Amino acid sequence: MNFIDAIEGTGCAILHRLHRSYIEGSGDDSEFICNVKMVIEGIEAFILAHAELMIQPDVVVRVLRKYARQLWLEGGGAGCVQEADGTSPDEDETAAYRRYYFDYIYQHGVYPR
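These numbers come from a predicted model, not from an experiment. (Residues numbered from 1 in each chain as written. Predicted model: local features only at pLDDT ≥ 70, side-chain atom pairs only at ≥ 80, totals over all residues. Heavy atoms only, no water.)

A. Just the overall build of the protein chain, in detail. Across its full length, the protein chain holds four helices and zero strands. A buried classification covers 30% of the 113 residues belonging to the protein chain. Partitioning the contacts of the protein chain with sequence separation of at least 6, the portion at a separation of at least 24 is 65%. Within the structure as shown, the protein chain displays about 7200 Å² of accessible surface, and the carbon and sulfur contribution to it stands at 54%. (Helix = DSSP H or I, 4+ residues; strand = E, 2+ residues; numbered from the N terminus. Buried < 20%, exposed > 50% of the residue type's maximum accessible area, 1.4 Å probe, protein only. Contact = heavy atoms within 4.5 Å. Areas by Shrake-Rupley, 256 points an atom, 1.4 Å probe, with all protein chains shown as cover.)

B. The arrangement of the nonpolar core in detail. Of all hydrophobic cores here, the largest spans 23 residues; its most connected members are Val36, Trp72 and Phe102. Those elements that place two or more of their residues in this core are helix H1 (3-24), helix H2 (29-49), helix H3 (57-74) and helix H4 (91-108). (Core = buried A, V, L, I, M, F, W, Y, C linked by side-chain atoms within 4.5 Å.)

C. Quick look at the side chain of Glu8. The residue Glu8 is located in helix H1 in this model. Although Glu8 is buried, it forms no salt bridge, and the closest oppositely charged side chain is Arg62 at an N-O distance of 8.5 Å. Those residues in contact with Glu8 that lie beyond four places of it in its chain are Val59, Val60, Val63 and Leu64. (Lys, Arg positive; Asp, Glu negative; His and termini not counted. Salt bridge = Lys/Arg side-chain N within 4 Å of Asp/Glu carboxyl O.)

D. Just the packing of H3 against H4, in detail. Orientation of H3 relative to H4, taken along the N-to-C sense of each, is 125°, at an axis distance of 10 Å. Viewed along their axes, H3 and H4 adopt a mutual orientation that is oblique. Seen from above, H3 lies across H4 with right-handed handedness. Residues Arg65, Ala68, Arg69, Trp72 and Leu73 of H3 form the contact with H4, whose own contacting residues are Arg98, Arg99, Tyr101, Phe102, Asp103, Tyr106 and Gln107. Here the residues of the contact of H3 with H4 are counted per class, giving six nonpolar, one polar and five charged. (Axes fitted to C-alpha atoms, helices over the stretch in contact; angles between N-to-C directions. Parallel < 35°, antiparallel > 145°, perpendicular 65-115°, else oblique. Left-handed = near helix turned anticlockwise from the far one by under 90°. Nonpolar A, V, L, I, M, F, W, Y, C, P; charged D, E, K, R; others polar.)

E. Looking closely at the packing of aromatic side chains. Per the stated rule, a full pass over the model turns up 11 aromatic pairs. Here the aromatic rings of Tyr97 and Tyr111 are separated by 6.4 Å at their centres, their planes lie at 85°, and the arrangement is edge-to-face. Here Tyr97 is found in helix H4, whereas its partner Tyr111 is found in the segment after H4, with 14 residues between them in sequence. The exposure class assigned to Tyr97 is partly exposed, which follows from its relative accessible area of 26%. When the ring of Tyr101 is compared with that of Tyr111, the centres are 4.8 Å apart and the planes differ by 50°; the resulting orientation is tilted. Residue Tyr101 is found in helix H4, and its partner Tyr111 is found in the segment after H4; the two are separated by 10 residues along the sequence. One Lys or Arg, Lys37, reaches over the ring of Tyr106 and ends 5.5 Å from the middle of that ring. Lying over the aromatic face of Trp72, Arg98 brings its terminal NZ or CZ to 4.8 Å of the ring centre. (Phe/Tyr/Trp six-rings, centres within 6.5 Å; stacked < 30°, edge-to-face > 60°. Lys NZ or Arg CZ within 6 Å of the ring centre and 35° of its normal.)

F. Quick peek at the pattern of salt bridges. Throughout the structure, instances matching the rule amount to two salt bridges. Close ionic contact of Arg65 with Asp103 constitutes a salt bridge, the shortest N to O distance being 3.5 Å. Here Arg65, found in helix H3, pairs with Asp103, found in helix H4; they are 38 residues apart in sequence, far enough to count as distant. Residue classification places Arg65 among the partly exposed positions, given a relative accessible area of 23%. In this structure, the salt-bridge partner of Arg69 is Asp103, at a minimum N-O distance of 2.7 Å. Residue Arg69 is located in helix H3, and its partner Asp103 is located in helix H4; the two are separated by 34 residues in the primary sequence. Of the residues examined, Asp103 reaches a relative accessible area of 23% and is grouped as partly exposed.

Below, the structure is given as structure tokens:
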């Protein structure tokens, strides 16, 4: 196993545990997503501080962020959408909105209300 596999695997294991805690606990999207960001930023800082590992941090960050977002999407994170008439939009619109919702909170820390 090389360094990048070890770091990505460890990061995914941590994110999986965080997600399980999120599902079993409060289920607060902002809290979970901000915790995800802190974990990923910590891993990125470690990689940057150890240049001898010769790992591109942007690749690891992208993989871990995508993994965390997929866990959240599959785990029924909130951010669900309903039309004004009480119906649900089609699945493609909902999936696109939920990805946007996750990414927005990841970037800004909260979602505007």
